[in-house]
Amino acid sequence: MISAVIKKEAPPADRPASGAISVKGKMKASGKLKSELGTMSMFSSVEEHDGGVRAMIVESMDRQKNPHLFIRFHFRGKGADVEYSITPEVPNPGMRKLQVMKTLFTVLSLLESRGAFMPDREDLYSKTLEAFDISTSFTDMEPLKMKYDLGRYIEENMKMRTELTKLKEDKEALNHELMELGRKAEAIEERVKRLESMTNTELDREIVRWVEDHSGKLSEEKFCNSFGITAQRLEERLDTLSKSGVIRIV
């Protein structure tokens, strides 16, 4: 049997083990922010902390199931701090930061559309330019083309926000329709209950009115459906009315 120990090379002394990004903005309410973050499947944990909200994205874990590659968000009243790990497996810290910024922009866009956190526009534009500067160092694309792509992405983002607004409006309209249908259902249910509790005298009156309104004819099925009674009860009342001479069955 041969035992072997794999020795990992230590990262260079000038290579950071973690990074951080701060974004200015305004948190509406910690409870709402926590709720919205909780709906995003990318987060493994979300909790309120010291008047703010902390959330973590765990990209990988070690054998002890501790976060290894992760992004930690901490939202406060006037901004958000993002801390992320730069593990030895990450080939380039700059590229890692660019990936984290992409995730950050996605989260901020979703939170802003839901009214939970409003990022400062000027600061966000500054971060966007920083991301642009980082990206140009990893590609041979002309800066003009990259600016074009950035503009296209911003346009697509605005289009998605417009669609999201329309979906919210449609949802509100559907909720209103459901409320109206609910009220109508309650009204019908009350009418059925009232008809079910109709006295024999009241029912006899309705039978006579129906016969008069329909030229002496009575559709048993339609009448029972209209007044919510059984065919047996109608037969009993018809028999009584016939015996008392009120109507004559032919």
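Our subject is the structure listed above.
These numbers come from a predicted model, not from an experiment.

(A) View of the layout of surface pockets. If you add up the space inside the largest pocket, you get close to 1300 Å³. Lining the largest pocket are 32 residues, with Phe-105, Leu-150, Tyr-153, Ile-154 and Asn-157 sitting closest to its centre. For the lining of the largest pocket, the secondary structure elements donating two or more residues are helix H2 (93-113), helix H3 (121-136) and helix H4 (143-196). Of the residues forming the lining of the largest pocket, the biggest block, 11 residues, is contributed by H4. Residues of the lining of the largest pocket, tallied by class, amount to 18 nonpolar, 7 polar and 7 charged.

(B) Representation of the side chain of Ser-85 in the model. Secondary-structure assignment places Ser-85 in strand S5 (residues 79-85). Within polar-contact distance, the side chain of Ser-85 engages the backbone oxygen of His-68 at 3.0 Å. Among residues more than four places away in sequence, those in contact with Ser-85 are Ala-17, Ser-18, His-68, Leu-69, Phe-70 and Arg-96.

(C) Representation of the side chain of Ser-30. Structurally, Ser-30 can be placed in helix H1 (residues 30-38). There is a polar contact of 3.0 Å between the side chain of Ser-30 and the side chain of Glu-48. The contacts of Ser-30, once residues within four sequence positions are left out, are Glu-48, Gly-51, Gly-52 and Val-53.

(D) Helix H5 (residues 200-213), seen in detail. Across its 14 residues, H5 extends 20 Å between first and last C-alpha, which sits within 8% of the 20 Å expected from 1.5 Å per residue. Those residues of H5 hidden inside the fold are in contact with helix H6 (220-227) and helix H7 (231-243). Ser-215 occupies a position one or two residues after H5 and carries a positive phi of about 55 degrees.

(E) Looking closely at the nonpolar core. Within the largest apolar cluster, 30 residues are counted, with the highest numbers of intra-cluster contacts made by Leu-33, Leu-37, Phe-73, Phe-75 and Leu-111. At the level of secondary structure, the elements contributing two or more residues to this core comprise strand S1 (18-27), H1, strand S3 (52-61), strand S4 (67-76), S5, H2 and H3. At 6 residues, H2 tops the list of elements feeding residues into this core. Residues Met-198, Trp-210, Val-211 and Leu-238 belong to the second largest nonpolar core, which totals 13 residues.

Procedures and definitions
- Residues numbered from 1 in each chain as written.
- Predicted model: local features only at pLDDT ≥ 70, side-chain atom pairs only at ≥ 80, totals over all residues.
- Heavy atoms only, no water.
- 1 Å grid on protein atoms, 1.4 Å probe; cavity = no way out; pocket = protein on both sides within 12 Å on 5 of 7 lines; lining within 4 Å.
- Points joined across faces, edges and corners; volume = space filled by probe spheres on them.
- Helix = DSSP H or I, 4+ residues; strand = E, 2+ residues; numbered from the N terminus.
- Nonpolar A, V, L, I, M, F, W, Y, C, P; charged D, E, K, R; others polar.
- Polar contact = N/O pair within 3.5 Å; in protein donor to acceptor, adjacent residues only side chain to side chain.
- Contact = heavy atoms within 4.5 Å.
- Expected span 1.5 Å × (residues − 1).
- Core = buried A, V, L, I, M, F, W, Y, C linked by side-chain atoms within 4.5 Å.
- Buried < 20%, exposed > 50% of the residue type's maximum accessible area, 1.4 Å probe, protein only.

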